[in-house]
Amino acid sequence: MTKLTEIAKTTTEFPKDFLWGGAIAANQAEGAWNVDGRGPSQADIMELPEAYSRLGSFGEGVTREEISRALLDEHGNYPRRRGIDFYHTYQKDLELMAEMGFKCLRTSFSWSRIFPQGDEEVPNEKGLVFYDHLIDKMLSLGIEPIMTISHYEMPIHLITAYGGWGNPKMIDFFLNLATVLMQRYKNKVKYWIVFNQVNDVYGWGEFPGLGILDEYGDKQETVKFQAVHHQFIATAKVVQLGHALSPDMQVGMMLGFSALYPMTSSPEDVLAAYELWRKNDLFFADVSAQGEYPGYMLRYFNDHQIDIDTTSEELALIKQNTVDYIAFSYYDSKVVEASHATTPQRNEKLDANIWGWAIDPLGFQYSFNFLWERYHLPLFVAENGMGSLDKVENGEIHDDYRISYLDAHVKAMKNAIKDGVAIIGYASWGPIDIVSYSQAEMSKRYGYIYVDLDDQGNGSGQRLRKDSFYWYQKVIGTNGVNI
């Protein structure tokens with residue numbers, strides 16, 4: 001006879017094969033934006049102005065004129081063009097991660113490094129050779145590659161010539177990219193993420209990847225959801241491809257996830273928070289993980305006269321090819337008030353960093369439990385961390401604030417495991433300082449490894465271990481026991 005208490009004891013610690021590691025993105029780390037045949041991507045036109053607000057973000061509402069100007073501009077400050085030069089420093093950077101004990105690294109492919117224009121039939125071999133070396137180096141160090149196919153890296157040509165994801169031709173262009181990558185690395189990469197934070201259609205992440213929205217007038221929302229539908233189809237086709245290539249291949253979708261709470265206990269606030277959470281976050285997982293459009297979104301489309309073009313064959317494809325796991329990023333939580341139901345607000349009861357992001361580890365635990373109970377699919381933390389303004393003092397960086405943040409979130413993750421949540425791994429953002437995407441700052445630092453570069457790209461590029469480097473080394477070395 002088995003007692004339930006005995007079963008519970010099996011989920012009190014992190015699994016022995018838990019994937020501890022970190023996450024970066026090609027467009028924020030690699031640099032070398034015009035090297036070895038790489039073409040320009042949407043990230044390369046995002047300039048950091050001399051005067052900016054740390055509470056703002058850049059890249060929204062891009063026009064054709066702004067794209068042309070940026071591509072010709074050789075003097076402006078475009079931080080993603082240089083990143084941290086990971087294209088040339090990846091070997092030593094990976095060795096530092098291996099020194100911490102990393103079991104995995106989530107990174108991404110630069111689409112325009114492989115298909116410079118995006119619509120070519122034949123890939124750029126020099127771009128692929130870089131990823132050959134990168135993945136082989138990870139494997140040689142015992143680091144599991146977790147590869148994101150698209151992380152805000154659309155070639156500019158696909159935006160200006162085709163209108164981005166609003167055009168159904170994008171599905172074939174993207175599948176061509178995915179086919180090249182998955183066939184080439186089918187024996188080296190087990191875990192794949194199709195789109196980074198696919199639900200960022202509502203925010204800065206996918207602009208201008210959805211096209212040049214100003215050209216659509218009052219049809220912008222329809223174009224956004226049509227683009228999302230094309231990405232659902234692309235995701236299903238990638239799942240189908242991955243399962244055909246290897247039975248061991250695991251294909252996941254990824255959410256940019258913030259726990260949403262009602263501002264008060266009033267039924268109106270509670271319902272408003274839940275409805276916004278469904279529309280902004282859960283809808284995307286509902287389709288890719290459960291295989292069909294939920295009724296609440298069909299109602300939304302009907303109420304707002306949003307007509308999505310599709311076929312019964314496309315809907316069947318989505319239904320038959322659901323993802324194997326759900327990845328998500330988590331940085332903060334927000335509150336929702338019925339009177340401002342479309343705009344989440346900062347929770348004033350929580351501390352926040354200087355960018356206004358609430359620090360809420362209990363929201364992390366809540367997110368795990370909520371996602372697990374809704375989907376019953378393994379979960380992977382694709383991003384979690386806190387940006388800070390680090391100071392170098394006598395060659396050392398004492399970042400107790402980062403350790404405190406991460407320690408609380410790892411403990412929250414451990415509590416979710418005790419509740420029976422299946423978690424594959426934890427990739428904190430980002431293990432080495434890289435260019436921030438939303439603010440384009442180098443000074444917004446997340447890493448365990450300090451990179452001596454400033455917002456203008458000045459500095460030696462030297463790598464320094466922060467105090468958090470040694471903290472995370474101990475966490476991994478004990479498999480999370482000593483927290």
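Located above this text is the structure these notes cover.
Residues numbered from 1 in each chain as written. Predicted model: local features only at pLDDT ≥ 70, side-chain atom pairs only at ≥ 80, totals over all residues. Heavy atoms only, no water.

A closer look at the sheet that holds strand β3 (residues 144-150)
Spatial ordering of the closed barrel is given by β1-β2-β3-β4-β5-β6-β7-β8, a layout of eight strands whose pairing is parallel. Strand-to-strand twist of the sheet, defined as the mean angle between neighbouring strand axes without regard to direction, takes the value 30°. Note that strand β4 (residues 191-195) and strand β5 (residues 250-262) share three bridges and pair parallel. By the bridge assignment, I193 is partnered in β5 with G252. Sheet strands touched by helix α15 (residues 400-418): β1 (19-23), β6 (325-336), β7 (379-383) and β8 (423-429). Its angle to β8, the strand with the most contacts, is close to 170°. (Pairing = 2+ DSSP bridges. Helix = DSSP H or I, 4+ residues; strand = E, 2+ residues; numbered from the N terminus. Axes fitted to C-alpha atoms, helices over the stretch in contact; angles between N-to-C directions. Contact = heavy atoms within 4.5 Å.)

Let's talk about the pattern of salt bridges
According to the stated counting rule, one finds 23 salt bridges in the structure shown. The partner of R69 in a salt bridge is D73, and the shortest N-O contact between them spans 3.6 Å. Classification of R69 as partly exposed rests on a relative accessible area of 44%. In this structure, D433 and K466 form a salt bridge, with 2.9 Å as the shortest nitrogen-oxygen distance. Here K466 lies in the loop between β10 (463-465) and α16 (467-477) and D433 lies in the loop between β8 and β9 (449-451), a separation of 33 residues in the sequence. With relative accessibility at 0%, the residue D433 sits in the buried group. You can call K466 buried: its relative accessible area is 0%. (Salt bridge = Lys/Arg side-chain N within 4 Å of Asp/Glu carboxyl O. Buried < 20%, exposed > 50% of the residue type's maximum accessible area, 1.4 Å probe, protein only.)

Things to note about the side chain of Q197
Here Q197 is to be found in the loop between β4 and α10 (220-245). Residue Q197 is classed as buried on the basis of its relative accessible area of 8%. Contacts of Q197, omitting those with residues within four sequence positions, involve Y152, M254, L255, G256, S329 and E383.

Section: the packing of aromatic side chains
By the definition in use, this model includes 46 aromatic pairs. Plain terms: the ring middles of W165 and F195 are 5.3 Å apart, the flat faces sit at 85° to each other, and that makes the pair edge-to-face. Of this pair, W165 sits in the loop between α8 (156-162) and α9 (169-184) while F195 sits in strand β4; the two residues are 30 residues apart in sequence, bridging distant segments of the chain. Of the two residues, W165 and F195, neither departs from the other in class, the shared state being buried. Here the aromatic rings of F257 and W277 are separated by 5.4 Å at their centres, their planes lie at 35°, and the arrangement is tilted. In this pair, F257 sits in strand β5 while W277 sits in helix α11 (residues 267-290), placing the two residues 20 residues apart along the sequence. As far as burial versus exposure is concerned, F257 and W277 are alike and both buried. (Phe/Tyr/Trp six-rings, centres within 6.5 Å; stacked < 30°, edge-to-face > 60°.)

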